[in-house]
Amino acid sequence: MAPRCWRWWHWSAWRRTRPPPAGSTPSFRQQFSTQEQPPQICVVGSGPAGFYTAQHLLKHHPRAHVDIYEKQLVPFGLVRFGVAPDHPEVKNVINTFTQTARLDRCAFRGNVVVGRDVAVSELRAAYHAVVLSYGAEDHQALEIPGEELPGVFSARAFVGWYNGLPENRELAPDLSCDTAVILGQGNVALDVARILLTPPEHLEKTDITEAALGVLRQSRVKTVWIVGRRGPMQVAFTIKELREMIQLPGTRPILDPADFLGLQDRIKEVPRQRKRLTELLLRTATEKPGVEEAARQALASRTWGLRFFRSPQRVLPSPDGRRVAGIRLAVTRLEVSLVLPRDTPFSSLPTPTWCCPHSPQQGVGEAARAAPTGDTEDLPCGLVLSSVGYKSRPIDPSVPFDPKLGVIPNMEGRVIDVPGLYCSGWVKRGPKGVIATTMTDSFLTGQMLMQDLKAGLLPSGPRPGFAAIEALLSSRGVRPVSFSDWEKLDAEEVSRGKGAGKPREKLLDPQEMLRLLGR
Ligand SMILES: Cc1cc2nc3c(=O)[nH]c(=O)nc-3n(C[C@H](O)[C@H](O)[C@H](O)COP(=O)(O)OP(=O)(O)OC[C@H]3O[C@@H](n4cnc5c(N)ncnc54)[C@H](O)[C@@H]3O)c2cc1C
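Calculation notes
- Residues numbered from 1 in each chain as written.
- Predicted model: local features only at pLDDT ≥ 70, side-chain atom pairs only at ≥ 80, totals over all residues.
- Heavy atoms only, no water.
- Buried < 20%, exposed > 50% of the residue type's maximum accessible area, 1.4 Å probe, protein only.
- Helix = DSSP H or I, 4+ residues; strand = E, 2+ residues; numbered from the N terminus.
- Pairing = 2+ DSSP bridges.
- Salt bridge = Lys/Arg side-chain N within 4 Å of Asp/Glu carboxyl O.
- Axes fitted to C-alpha atoms, helices over the stretch in contact; angles between N-to-C directions.
- pLDDT = per-residue confidence, 0-100.
- Contact = heavy atoms within 4.5 Å.
- Near = heavy atom within 4 Å.
- Polar contact = N/O pair within 3.5 Å; in protein donor to acceptor, adjacent residues only side chain to side chain.
- Areas by Shrake-Rupley, 256 points an atom, 1.4 Å probe, with all protein chains shown as cover.
- Nonpolar A, V, L, I, M, F, W, Y, C, P; charged D, E, K, R; others polar.
- Phe/Tyr/Trp six-rings, centres within 6.5 Å; stacked < 30°, edge-to-face > 60°.
- Core = buried A, V, L, I, M, F, W, Y, C linked by side-chain atoms within 4.5 Å.
- Parallel < 35°, antiparallel > 145°, perpendicular 65-115°, else oblique.
- Left-handed = near helix turned anticlockwise from the far one by under 90°.
- Expected span 1.5 Å × (residues − 1).
- Patch = residues over 30% accessible without salt bridge, like charges linked within 9 Å, V, L, I, M, F, W, Y side chains within 5 Å.
- Lys, Arg positive; Asp, Glu negative; His and termini not counted.
- Charge placed at Lys NZ, Arg CZ, Asp CG, Glu CD.

**Here we look at the pairing of strand β4 (residues 129-132)**
Next, step 1: Because side chains alternate across β4, one face comprises the buried residues Ala129 and Val131, and the other comprises Val130 and Leu132, equally buried.
Next, step 2: Examined bridge by bridge, strand β1 (residues 40-44) and β4 share four bridges and lie parallel to one another. Residue Ile41 lies in a different strand from β4, and its bridge partner there is Ala129.
Next, step 3: Across three bridges, the pairing between β4 and strand β19 (residues 421-423) is parallel. Following the sheet pairing, Val131 is matched in β19 by Tyr422.

Structural data, given as structure tokens:
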């Protein structure tokens, strides 16, 4: 749909349309006339955001048709390529997505890179509405000297490697070193640390790729440092993942009690979740383990530790300059931000103070910033994995993009100033939040779209939908992969995993996948 056809639309129209009050939802028949054309909607990206948005639309409109475009040959985004292989229960959402994809009114169109094979403007011309749910695929660079040295990887690539993301299958990380450093203290950092330290036999029955398992079996990594710029009160991982690390078979945690001085008093004031997490850290760092735990730790052959108040400054090369040999960390301290919400009561203003790394008790919360003290520390290691965040990228010049926030500017999922264009998931609100957060957020986008449809704010005439796009793709030599194609690949993966007792052995080579589909 060319933008000029939307001249009648005004952004303010969106603001006027609020969701109907709960309990006032009329029946399908009352809401949508059976005379009107079935809405043709397309979703870009088949991760949780794409599938949950599609689910909402199909559930709340009896005749809507949803096409889900995906650049990979296979669906499910980070549920397949991000979620750790030893967390199979998290991947159960795939069952719900499969039910959605099998509906007559839904179609999966894999192997189509939106922005390259087809433009967003072409999708807008073919559909009544387009929802962008393409996630946050880039990683945040460290931007420090030595980052390009062999042995330095983004955690994103490392995760993609063990999870069978085709573009990372050649990563071949060298795990012959003793020590690995992970930069960042979020859940992805803990996932990566856990995979590096889990006894390989514990991963044998997961869907980790056989190639990665082979490399992990040969691994000599004994120590993993998980490094954060800030302190124990600012870690970004959650208690479940921390508990898993603490109980990881064959390993022992190293936490410096000095990092936790005075924290006991401060945690009384913090929200419940942060309090429970910090208490667990505090106990692990300062309490003597019980007899059983002490015995377990004494037998441990691998260790992991959290290092606080350290910011990466430079990757140090080996003497021959050919690979990483260590990392220089700047020692930091927490700086209290003086930018406070306008109505902050005077009594709760923090003392504007600088606090030293080992005094985390001074007034600093989750928003505290790390500032360098001028001191540095060199940490020898043979592997550096940076896990300092994901980033969305613009995929089409016609779509507004906020490079600073790394998201598509939107109001509750409606893309600012582009009628009929919506977004959901990580590209909407940034790369944070679990699948459940993405679900809620995607339902909200679905709700906004439905509301606009009902209010007559989307074009009412017929739209060709996939028929038009298929012709375009065909003229460009692109052949989409359908959901039943995926089900053939799925069956092949499941069958290849059977011998080893794995849920599946993932196919890694797109050429081989296409051959299996008779292409
Ligand atoms: C390593 C890792 C582990 C995680 N583990 C958990 C966990 O254990 N539990 C949990 O609840 N959450 C976990 N999460 C968070 C969860 O994965 C996200 O909340 C969720 O995947 C975000 O959904 P999304 O659909 O926005 O993005 P994604 O899942 O990234 O989906 C985006 C999809 O869009 C496709 N795409 C991208 N560009 C294009 C294009 N140009 N054209 C067509 N398609 C395109 C991508 O290939 C992808 O399939 C994890 C995240 C990461 C990074």
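**A look at the pattern of salt bridges**
Next, step 1: Scanning the entire structure with this criterion turns up 38 salt bridges.
Next, step 2: Linking Arg169 and Asp509 is a salt bridge whose minimum nitrogen-to-oxygen distance equals 3.7 Å. Taken as a pair, Arg169 in the loop between α7 (155-162) and β7 (179-183) and Asp509 in the loop between α17 (483-498) and α18 (510-516) lie far apart in primary sequence, 340 residues in all.
Next, step 3: Take Arg169: its relative accessible area is 33%, and that puts it in the partly exposed class.
Next, step 4: You can call Asp509 partly exposed: its relative accessible area is 24%.
Next, step 5: Through salt bridges with shared partners, a single network forms among Asp86, Asp191, Arg194, Lys240, Glu241 and Glu244.

**With respect to the sheet that holds strand β9 (residues 251-254)**
Backbone-to-backbone hydrogen bonds pair the strands of a sheet. The strands run either parallel or antiparallel.
Next, step 1: Across the sheet, which stays open at both edges, the six strands sit in the order β6-β15-β7-β8-β10-β9 with parallel pairing between neighbours. The open sheet has two edge strands, β6 (152-154) and β9, and neither has a second partner. Taken pair by pair, the neighbouring strands of this sheet meet at an average axis angle of 20°, ignoring direction.
Next, step 2: Here β7 runs beside strand β8 (residues 223-227); their pairing, made up of five bridges, is parallel. Within the sheet, the bridge partner assigned to Ala180 lies in β8 and is Val224.

**Overview of the confidence of the model for the protein chain**
For residues with low pLDDT, the predicted coordinates do not support detailed interpretation.
Next, step 1: Per-chain confidence: the protein chain averages 89 in pLDDT, with 87% of residues scoring 70 or above.
Next, step 2: Taken together, the stretch residues 1-30 has pLDDT below 50 and engages in 58 contacts with residues farther than four places along the chain or on a different chain.
Next, step 3: Low pLDDT, under 50, characterises residues 338-363; the predicted model gives this stretch 38 contacts beyond four residues in sequence or across chains.

**A word on the site of the ligand**
Next, step 1: By nearness alone, 33 residues border the ligand, and Ala49, Glu70, Leu78, Trp426 and Ile435 come closest of all.
Next, step 2: One of the backbone nitrogen or oxygen atoms of Val114 is found 2.9 Å away from a nitrogen atom of the ligand.
Next, step 3: Contact distances for the ligand include 3.0 Å between an oxygen atom and a backbone N or O atom of Gly433.
Next, step 4: Isolated, the ligand exposes 1,000 Å² of accessible area, and the fraction of that covered by the protein chains is 93%.
Next, step 5: Contributions of two or more residues to the shell around the ligand are made by α3 (48-60), α8 (187-197) and α15 (435-454).
Next, step 6: Class assignment for the residues of the shell around the ligand results in 17 nonpolar, twelve polar and four charged.

**Focus: the packing of aromatic side chains**
Next, step 1: Evaluated as defined, the whole model comprises 14 aromatic pairs.
Next, step 2: Ring geometry for Tyr52 versus Phe97: centroids 5.0 Å apart, planes at 80°, classification edge-to-face. Residue Tyr52 is found in helix α3, and its partner Phe97 is found in helix α5 (residues 93-102); the two are separated by 45 residues along the sequence.
Next, step 3: Owing to a relative accessible area of 6%, Tyr52 belongs among the buried residues under this scheme.
Next, step 4: Among the residues examined, Phe97 registers a relative accessible area of 0% and is labelled buried.
Next, step 5: Plain terms: the ring middles of Phe76 and Phe483 are 6.4 Å apart, the flat faces sit at 75° to each other, and that makes the pair edge-to-face.

**Regarding the nonpolar core**
Next, step 1: In this structure, Tyr162, Val192, Leu196, Val224 and Ile226 are the most contacted members of the largest nonpolar core, which totals 53 residues.
Next, step 2: The dominant element in this core, judged by the number of residues it contributes, is α8, at seven residues.

**Thoughts on the environment of Asn111**
Next, step 1: You can see Asn111 is positioned in the loop between β3 (106-109) and α6 (120-126).
Next, step 2: The residues contacting Asn111, other than those within four sequence positions of it, are Glu70, Lys71, Gln72, Leu73, Asp117, Val478, Arg479, Pro480, Val481 and Leu514.

**Here's the deal with the packing of α3 against α15**
Next, step 1: At a minimum axis separation of 8 Å, α3 and α15 run at an interaxial angle of 40°. Judged on the interaxial angle alone, α15 and α3 are oblique. By crossing handedness, the relation of α3 to α15 is classed as right-handed. Two secondary-structure elements touch here, α3 through Pro48, Ala49, Tyr52, Thr53, Gln55, His56, Leu57 and His60 and α15 through Ile435, Thr438, Met439, Ser442, Phe443, Gly446, Gln447, Leu449 and Met450.
Next, step 2: Residues of the contact of α3 with α15, tallied by class, amount to nine nonpolar, eight polar and no charged.

**A closer look at the side chain of Thr100**
Next, step 1: Looking at the element boundaries, Thr100 is found in helix α5.
Next, step 2: A relative accessible area of 5% places Thr100 in the buried class.
Next, step 3: Leaving out residues up to four positions away in the same chain, Thr100 has contacts with Phe51, Ala54, Gln55, Leu58 and Cys106.

**Considering α3**
Next, step 1: Under the 1.5 Å per step criterion, the end-to-end length of α3 is 18 Å for 13 residues, consistent within 8% with the ideal 18 Å.
Next, step 2: Here α3 lies mainly inside the structure; ten of its 13 residues are buried.
Next, step 3: The set of residues buried in α3 consists of Pro48, Ala49, Gly50, Phe51, Tyr52, Thr53, Ala54, His56, Leu57 and Leu58.

**Focus: a positive patch on the surface**
Next, step 1: Where like charges cluster on the molecular surface, the positive patch consists of Arg243, Arg272, Arg276 and Arg283.
Next, step 2: Per element, the largest residue contribution to the positive patch is three residues, and it comes from helix α12 (residues 272-286).
Next, step 3: Here Arg276 shows up in helix α12.
Next, step 4: Classification of Arg276 as partly exposed rests on a relative accessible area of 34%.

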